[in-house]
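# Descriptive structure summary
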Amino acid sequence: MSDRHEHPRHHHSTGLRHRLSHLLTPHSHETADKVDPALESSARGMRALWVSLAVLGVTALAQAFVVAASGSVALLGDTVHNAADALTAVPLGIAFVLGRRAATRRFTYGYGRAEDLAGLVIVLTIAASAAFAGWTAIDRLLDPRPVQHVPAVALAALVGFAGNEWVARYRIRVGRAIGSAALVADGLHARTDGFTSLAVLLGAGGSALGWQLADPIVGLAITAAIALVLRDAAREVFRRVMDAVDPALVDRAERALAEVPGVRGVGELRLRWIGHRLRAEVAVVVDGDVTVRQAHRIAVDAEHALLHAVPRLTAALVHADPEPAPGEADPHLPLAHHAAA
């Protein structure tokens, strides 16, 4: 017997103040007090993107003026990073907007996977930034030129670090809160840009001491730092695309199901991310002599327990298996040859 249960979602319309309070404060798990978690998390993600875009846009613009005046290739790499990081808000914003759309008969799980595609775009953007920074640094290493207006370069580097670190903390915090791997990857990208800004500061110091190779060498160091973050971001996005979840979430779900009255055992349990939302599929073992209504009640209780125990879980498909009786054939035997195939 299979039971598919999804808690009804109620949208409150008691005024703008009430809606804003739900967006800005934690909400209850009680059905009557629950706002749509997909809408809430997408709104938080969009807000993070717009704020990040504004901060990084201003940072990149300020640095661009200094690059034009100084000719620093290290600062140029940092500026390109900031501009690219700001532009990654575009695919993420599109993904969050698509994620709000309702499921259709073609896209029966909705459009949450658009976030995974956005994560791939972000990884490619980081890779392109690394390639450009490396190429410009090597070119300047082969043809060294003095850096002008060194104090302005140093100040621009500090501005870049401050802007990127603030954006990184903000994006990572919001991304983890709403379960968006793409937003976390974008935050890691911004953090790298902050560290590369500090490297630009070192290059400015070397240039001030008359060492012309300091600027391109720092540019190469920036490229190496970008490559490290590229590895981390690619790994996180790859795991999400491959439906990987934290094993601790599986353990947490199994413990919650084991405590549900009427559940005699927990069979196959699967969790998967769809955007920044989790879905579960689970088989629970119940007493074979209970009625259909009683088994349905146990399945409802099992889903309810999962919704409370597993963060960001929005729905679960619960299948109730009867506890095997002595001498009884396996009820799933007709499916065995399909599983083997």
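Below you will find a few notes about this structure. Values in this document were obtained by computation on a predicted structure and should not be read as measured data.

Here is what the cut-offs are and how they apply
- Counting of residues starts from 1 at the beginning of each chain's written sequence and follows it residue by residue.
- The model is predicted, so local features are restricted to residues of pLDDT at least 70 and side-chain atom pairs to those at 80 or more, both for listing and for counting; the totals for chains, interfaces and linings are taken over all residues.
- Processing note: side-chain calculations cover all non-hydrogen atoms of the structure and skip hydrogens and water entirely.
- Strands are runs of DSSP state E lasting at least 2 residues, helices are runs of H or I lasting at least 4, and numbering of each runs from the N terminus.
- Whether a residue is buried, partly exposed or exposed follows from its accessible area with a 1.4 Å probe, protein chains only, as a fraction of its type maximum: under 20%, in between, or over 50%, in that order.
- Surface accessibility follows the Shrake-Rupley procedure with a 1.4 Å probe radius. Residue values consider only the protein chains on display as shielding.
- The rule is short: rings of Phe, Tyr and Trp, with Trp giving its six-membered ring, pair when the centres are within 6.5 Å, and they are stacked under 30 degrees, edge-to-face over 60, tilted in between.
- We treat two strands as partners when DSSP finds at least two bridges between them.
- Here, two residues are considered to be in contact whenever any of their heavy atoms come within 4.5 Å of each other.
- What a helix is expected to span follows from its residue count: subtract one and scale by 1.5 Å.
- Here, the term nonpolar core denotes a set of buried Ala, Val, Leu, Ile, Met, Phe, Trp, Tyr and Cys residues that are joined through side-chain atoms within 4.5 Å.
- Pairing of N or O atoms within 3.5 Å defines a polar contact, subject to two protein rules: one partner must be a possible hydrogen donor and the other a possible acceptor, and residues neighboring in sequence count only if both atoms are side-chain atoms.

### Some words on the overall build of the protein chain
When helices and strands are counted, the protein chain shows eleven helices and four strands. The buried share among the 341 residues of the protein chain stands at 44%. Just so you have it, the protein chain exposes about 17,700 Å², and 64% of that area is on carbon and sulfur atoms.

### Quick word on the packing of aromatic side chains
Overall, the coordinates contain two aromatic pairs when judged by the stated rule. A centroid spacing of 4.8 Å and a plane angle of 35° characterise the contact between F107 and Y111, whose relative ring orientation is tilted. For F107, a relative accessible area of 40% translates into the label partly exposed. We classify Y111 as buried; its relative accessible area is 17%.

### Things to note about the pairing of strand β2 (residues 265-274)
Where β2 meets strand β3 (residues 277-286), eight bridges bridge the pair, whose relative direction is antiparallel. Opposite G265, over in β3, you have V285 as the bridge partner. Hairpin connection of β2 to β3: two residues between the antiparallel strands, including G275 at a positive phi of 70°.

### With respect to the side chain of T223
As for its placement among the helices and strands, T223 is situated in helix α8 (residues 214-241). By relative accessible area, T223 is classed as buried at 16%. Setting aside anything within four residues of it in sequence, one finds T223 in contact with A130, A133 and G134.

### Some points on the environment of I178
Tracing the chain through its elements places I178 in helix α6 (residues 150-178). Separated by 133 residues in the primary sequence, I178 and P311 have C-alpha atoms spaced 9.3 Å apart.

### Description of α6
Between its first and last C-alpha, α6 extends 42 Å over 29 residues, near the 42 Å set by a 1.5 Å rise per residue. Following α6 by one or two positions, G179 has its phi on the positive side, about 75°.

### Observations concerning the nonpolar core
A general tendency of soluble globular proteins is for nonpolar side chains to be buried together. Counting residues in hydrophobic clusters, the biggest one holds 36 residues, and the most contacted among them are L49, L75, L92, L183, V200 and I222. Listed by contribution, the elements that provide at least two residues to this core are α2 (37-70), α3 (73-87), α4 (89-99), α5 (114-142), α6, α7 (181-208) and α8. Of all the elements, α6 adds the most residues to this core, at eight residues. Ranked by size, the runner-up nonpolar core spans 26 residues in total, among them W273, V282, A316 and A320.

### Some points on the environment of G112
Inspection of the secondary structure assignment puts G112 in the loop between α4 and α5. If near-sequence neighbours (up to four positions away) are discounted, G112 is found in contact with I274 and G275.

### A few points about the side chain of N164
Examined against the element boundaries, N164 turns out to sit in helix α6. On the basis of relative accessible area, N164 is assigned to the buried category, the value being 0%. Polar side-chain contacts of N164 include one of 2.8 Å to the backbone oxygen of G160. Residue contacts for N164: discarding those within four places in its chain leaves L56, N82, D85, A190, D193, G194 and S197.

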